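Coordinates in review
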Amino acid sequence: MQLIGMLDSPYVRRVAISLAVLDLPFEHRSVSVFRQFDEFAKIHPVVKAPTFIEDDGTLLIDSSLILDHLDHKVEPARRLLPEEPAARLQALSLIGFALAATEKAMQTAYERNLRPQEFQFEPWVERIQKQMHAAFGELETRLAGREGWLFGERLMQPDITVAVAWRFTQFMLPGVLDDARYPALAAFSARAEALPAFIGAPLE
């Protein structure tokens, strides 16, 4: 199995960390959709990260679809989404807010880092940052007062995706998120980032 894409993408990183947690061997190929567009196009013409190549050559794109596939390569007790319907619903809800925060952080980073300043539209930036803070605010409320991981003693997909979202935003938009405003998220992310699976997939 091969995972194609840079670890500065939160979507690539959540897949890489999940592969490590699931103990599934894979090859990671750090190919940039920006700097190595033509090389990436030879792998997948859509040039979308992450791209996942199964051993039989099947191509998958979209991190959530890849993670669903990976979860079904292991026995139910090791899967990263809960099996019980009510718990699964809550897990999907948390993942949804984390992915929404990630999307808005990425849109902000594109505006700030890629678009020339004279073409940046401040009302749009303010809007997407408001959406980002709303998503992180919901996650902060749900994490407040919790100890350990979100669904018991075992690290699962909501834990991975929430922690990756927070770290990505801190990395790409320094100073935009205040630890004092989101203490539960900051502590949760720090605990996750200290794990071997996260250390083995560094955001840099």
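An unreviewed UniProt entry annotates the protein as Glutathione S-transferase originating from Paraburkholderia phenazinium.

Trans peptide bonds make up the majority, and among non-glycine residues the majority have a negative phi. In this structure, Pro 50 follows Ala 49 across a cis peptide bond, with omega equal to 0°. You can see Pro 50 is positioned in the loop between helix H2 (37-43) and strand E3 (51-53). The backbone of Asp 23 shows a phi angle near 60°, a positive value even though the residue is not glycine. Its place among the elements puts Asp 23 in the loop between helix H1 (10-21) and strand E2 (27-29). Residue Asp 23 is classed as exposed on the basis of its relative accessible area, which comes to 63%.

For the protein, the assigned domains read domain 1 (2-78) and domain 2 (85-195). Here the C-alpha centre of domain 2 lies 21 Å away from the C-alpha centre of domain 1. Counting residues at the interface gives 13 residues for domain 1 and 16 residues for domain 2. Summing both partners gives a buried area of about 1200 Å² for domain 1 against domain 2, and 62% of it is carried by carbon and sulfur. At the junction of domain 1 and domain 2, the tally comes to one salt bridge. There are five residue pairs in polar contact (both at pLDDT 80 or more) connecting domain 1 and domain 2. Of all the secondary structure elements, the ones that give two or more residues to the side of domain 1 that touches domain 2 are H1 and helix H3 (63-71). Tallied by class, the residues present in the side of domain 1 that touches domain 2 amount to seven nonpolar, two polar and four charged.

The mixed open sheet is built from four strands, whose spatial order is E2-E1-E3-E4. At either end of the open sheet lies a strand with only one pairing partner, and these are E2 and strand E4 (59-61). Averaged over all pairs of adjacent strands, the angle between strand axes in this sheet comes to 20°, irrespective of strand direction. Two strands pair when backbone bridges link them, and E3 and E4 are joined in this way by three bridges, in the antiparallel orientation. By the bridge assignment for E4, Ile 53 is matched with Leu 59. Relative to strand E1 (residues 2-4), H1 is tilted by about 160°, and along the sheet it contacts E1, E2 and E3.

Rules of the game
Residues numbered from 1 in each chain as written. Predicted model: local features only at pLDDT ≥ 70, side-chain atom pairs only at ≥ 80, totals over all residues. Heavy atoms only, no water. Helix = DSSP H or I, 4+ residues; strand = E, 2+ residues; numbered from the N terminus. Buried < 20%, exposed > 50% of the residue type's maximum accessible area, 1.4 Å probe, protein only. Domains from an automatic or database assignment. Contact = heavy atoms within 4.5 Å. Buried area = accessible area lost by both parts, 1.4 Å probe. Salt bridge = Lys/Arg side-chain N within 4 Å of Asp/Glu carboxyl O. Polar contact = N/O pair within 3.5 Å; in protein donor to acceptor, adjacent residues only side chain to side chain. Nonpolar A, V, L, I, M, F, W, Y, C, P; charged D, E, K, R; others polar. Pairing = 2+ DSSP bridges. Axes fitted to C-alpha atoms, helices over the stretch in contact; angles between N-to-C directions.

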